[in-house]
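Analysis of the macromolecular model
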Amino acid sequence: MSSKLFVGGLSWDTTDQSLNDAFAEFGNVTEAKVIHDRDTGRSRGFGFVTFDSPDSARAALDAMNETELDGRNIRVDFANERR
């Protein structure tokens, strides 16, 4: 089971730090990253949160999927590794 979560539907105002803060209550976050457009620098509306354990990731997914963050309903799922 993965320790990395995909988080979609993010507000343009969500930062790496606010994403980290939102998920930190579920365990040790090793990385929280909002993905930005390389040309404009604007958020693409999604990001990734990585935990140090799969159990923490599962707890965060169960608690945070379909909840509100920075005024937007977010979608949380396990991240698919790039092929």
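Above this note sits the structure.
Since the structure is predicted, the reported quantities are computational estimates derived from the model, not experimental observations.

**Re the sheet that holds strand E1 (residues 4-8)**
Through backbone hydrogen bonds, the strands of a sheet pair up, either in parallel or in antiparallel fashion. Read across the sheet, four strands follow the order E2-E3-E1-E6 without closing on themselves; strand pairing throughout is antiparallel. This sheet does not close on itself; its edge strands, each paired only once, are strand E2 (29-36) and strand E6 (75-78). Sheet twist, expressed as the mean angle between neighbouring strand axes with direction ignored, is 20 degrees. Alignment of E1 against strand E3 (residues 43-51), held across five bridges, turns out to be antiparallel. Note that in E3 the partner of Phe6 across the bridge is Phe48.

**Description of the environment of Asn28**
Positionally, Asn28 belongs in the loop between helix H1 (16-23) and E2. By relative accessible area, which is 45% here, Asn28 ends up partly exposed. Here the alpha-carbon distance between Asn28 and Asp52, two residues 24 residues apart in the chain, equals 5.9 Å. The contact partners of Asn28, leaving out residues within four places of it in the chain, are Thr50, Phe51 and Asp52.

**Quick look at the environment of Gly9**
Within the fold, Gly9 resides in the loop between E1 and H1. A C-alpha to C-alpha distance of 5.5 Å links Gly9 and Gly45, two positions 36 residues apart in sequence. Setting aside chain neighbours within four positions, we find Gly9 in contact with Gly45, Arg72, Asn73, Ile74 and Arg75.

Cut-offs used in this document
Residues numbered from 1 in each chain as written. Predicted model: local features only at pLDDT ≥ 70, side-chain atom pairs only at ≥ 80, totals over all residues. Heavy atoms only, no water. Pairing = 2+ DSSP bridges. Helix = DSSP H or I, 4+ residues; strand = E, 2+ residues; numbered from the N terminus. Axes fitted to C-alpha atoms, helices over the stretch in contact; angles between N-to-C directions. Buried < 20%, exposed > 50% of the residue type's maximum accessible area, 1.4 Å probe, protein only. Contact = heavy atoms within 4.5 Å.

Any functional reading would require information beyond the geometric quantities listed.
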